[in-house]
Amino acid sequence: MKDHRPMRMSRYFLPVLKETPREAQIVSHRLMLQAGLIKQASAGIYSWLPMGYKVLRRIEQIVHEEQARAGHLAMLMPTMQSADLWRESGRYDAYGDEMLRVKDRGGRDMLFTPTAEELVTDVFRANVNSYKDLPLTLYQIQWKFRDEVRPRFGVMRGREFLMKDGYNFDLTKEDALHAYNRHLVTYLRTYERMGLQAIPMRADSGPIGGDDTHEFLVLAETGESEVFYDSQITELTFGDREIDFDDRAACQAVMDEFTSRYARTDETHDAALFAQVPEERRRTARGIEVGQIFYFGTKYSEALGATVQTRDGDSVPVHMGSHGIGVSRLLGAIIEASHDDKGIIWPEGVTPFHVGILNMRAGDAGCDAVCEDLYAQFQAAGLDPLYDDRDERAGAKFGTMDMIGLPWRITVGPRGVKNGVVELTCRRTGEAEDMSVSDAVAKIKAIYAGI
RNA sequence: CGGGGCGUAGCGCAGCCUGGUAGCGCAUCUGUUUUGGGAACAGAGGGUCGUAGGUUCGAAUCCUAUCGCCCCGACCA
């Protein structure tokens, strides 16, 4: 988080709303508006205000780090595409009104990217001709647009959304299924680092096409999908295990482990199969989809002529899959899964600031000095504090800090300063403890050392 | 895309039925007093009432059109 610098709230732009915005129906949307993370620009389209943008970048960073770990290569493709490639794949007419179509000044058909199979396949076919260049996985994190009939739930179902979309190119189906497994592993790690439990569930392939596909769902009461699962699945965690992404058996083992229990959405639910799960382990709940992986074989490589030469000199279409993570949607999902009646509770992995420093008496020489000291020490430790130095009432400051949901808060008041202590409070549990400045700094450093 | 609702100050709302030159709370600015869970008092600024037509002596209010946003459903990452 080297791009982050400590910040004084008096100089920050944090338009916290005291009243509930009228349009927000679900808790994550309401809290994102109230905490000053986003501002609606148009139906399903949002501006990301400084603190919301910070969380968005943090989520992107985690996605990038986990993709890099698996050897997947980041790139960036355009938001505006020519219709030509989509005519070549046959999807221009198939896609429907969700695709935003426009004409440029020359009358040429253009579209705002809803997904990039065609673009990435075009990059591939122009540059890769030999089996020796495989396997290859390219991905991007880019804004997409789908002209939803009825956008709602804030960033959970916007029209414009930030998405990680990755594409694997492999010589054989077996190779491509290894890529599929590899993605499952990276996704499990990614979500866990964000403080989420996302369960892979067998899914429908929809307009992308293909047979093998899993969706990743975060359990939340406000989820859009009804889900059915074996309670054993929620006991699985990825943890610190080291995975060699070139080890097919290891990746397959993770796939088997995380998909062997019954876990399906209402789209693919099979009541007869579900009935075989012991009754005490059957669960019905709601979930938010935060990612999906597909293997679709040669659908696009055949249509677009993405072929490679084999060792025998044959020309064969490559086996492909695509893999998505709803980056902007994840903010909503995280908040749905982590909040209380006072506001957001950010997991340490994605929090916009590591710790809040709350000066109870701005202007008091003793309090100011202790706050400045904390601020400097966190900065020196590479941590990113938010210092509430405003001349506000205590209640207003506590209210703001609770609303924006920083996981740790240090309260500095005249009473404590006199006794040489500050108060460290955990946002999630509300537990508070008085301790010296150096102990508070050490404790925060220790908490973030493992994240 | 079917059904419904709403556009009045930065935010949340009243006023509209029964036309008469716009109001409340919060927020903002000034001052004083306050100060460990969203302070009190005094004062101040801020709105061509979504837009365009029409009716009328006069329209936030009535009529027509149009744009935008929201909700339910169908659809979907």
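Thresholds, definitions, all that
- Residues numbered from 1 in each chain as written.
- Chains lettered and ligands numbered in written order.
- Predicted model: local features only at pLDDT ≥ 70, side-chain atom pairs only at ≥ 80, totals over all residues.
- Heavy atoms only, no water.
- Salt bridge = Lys/Arg side-chain N within 4 Å of Asp/Glu carboxyl O.
- Helix = DSSP H or I, 4+ residues; strand = E, 2+ residues; numbered from the N terminus.
- 1 Å grid on protein atoms, 1.4 Å probe; cavity = no way out; pocket = protein on both sides within 12 Å on 5 of 7 lines; lining within 4 Å.
- Points joined across faces, edges and corners; volume = space filled by probe spheres on them.
- Nonpolar A, V, L, I, M, F, W, Y, C, P; charged D, E, K, R; others polar.
- Expected span 1.5 Å × (residues − 1).
- Buried < 20%, exposed > 50% of the residue type's maximum accessible area, 1.4 Å probe, protein only.
- Arc of directions from axis to C-beta.
- Polar contact = N/O pair within 3.5 Å; in protein donor to acceptor, adjacent residues only side chain to side chain.
- Domains from an automatic or database assignment.
- Buried area = accessible area lost by both parts, 1.4 Å probe.

1. Focus on the pattern of salt bridges
Per the stated rule, a full pass over the model turns up 27 salt bridges. Of the charged contacts, one joins Asp384 and Lys54 as a salt bridge, the two residues approaching to 2.5 Å between their closest N and O atoms. Of this pair, Asp384 sits in the loop between helix H11 (365-380) and strand E21 (385-388) while Lys54 is found in helix H2 (residues 50-69), placing the two residues 330 residues apart along the sequence. Close ionic contact of Glu148 with Arg157 constitutes a salt bridge, the shortest N to O distance being 2.8 Å. A single salt-bridge network, built from bridges that share partners, covers Glu65, Glu66, Arg69, Arg189 and Arg193.

2. Observations concerning the layout of surface pockets
As a volume, the largest pocket reaches approximately 1,100 Å³. Lining the largest pocket are 43 residues, and of these Arg146, Glu148, Glu289, Gln292 and Arg329 sit closest to its centre. When residues of the lining of the largest pocket are traced back to their parent elements, those giving at least two are strand E9 (160-170), strand E14 (282-297), strand E17 (319-326) and helix H10 (327-337). There is about 340 Å³ of room inside the second largest pocket. Lining of the second largest pocket is provided by 13 residues; of these, Met360, Thr411, Gly413, Arg415 and Gly416 occupy positions nearest its centre. For the lining of the second largest pocket, the secondary structure elements donating two or more residues are strand E22 (408-412), helix H13 (414-419) and strand E23 (422-426). Here the residues of the lining of the second largest pocket are counted per class, giving 5 nonpolar, 4 polar and 4 charged.

3. Considerations on helix H7 (residues 248-259)
Between the first and last C-alpha of H7 there are 16 Å, a value that for 12 residues agrees with the 16 Å anticipated at 1.5 Å per step. Every buried residue of H7 is accounted for by Cys251, Val254, Met255 and Phe258. Mapping the buried residues of H7 onto a view down its axis gives an arc of 100°, with all of them on the same face. The distance from a side-chain oxygen at the start of H7 to the backbone nitrogen of Ala249 is 3.1 Å, and the residue carrying that oxygen is Asp247.

4. Description of the domain arrangement of chain A
Here chain A is partitioned into domain 1 (37-343) and domain 2 (345-449). Look at where the C-alpha atoms of domain 1 and domain 2 centre, and you get two points 38 Å apart. Across the interface of domain 1 and domain 2, roughly 1,300 Å² is buried in total on both sides, 63% from carbon and sulfur atoms. Our count for the domain 1 to domain 2 interface comes out at 2 salt bridges. Linking domain 1 to domain 2 there are 7 residue pairs in polar contact (both at pLDDT 80 or more). Contributions of two or more residues to the side of domain 1 that touches domain 2 are made by H2, H10 and strand E18 (339-340). With 6 residues, H2 is the single largest residue contributor to the side of domain 1 that touches domain 2. Split into classes, the residues belonging to the side of domain 1 that touches domain 2 amount to 9 nonpolar, 4 polar and 5 charged.

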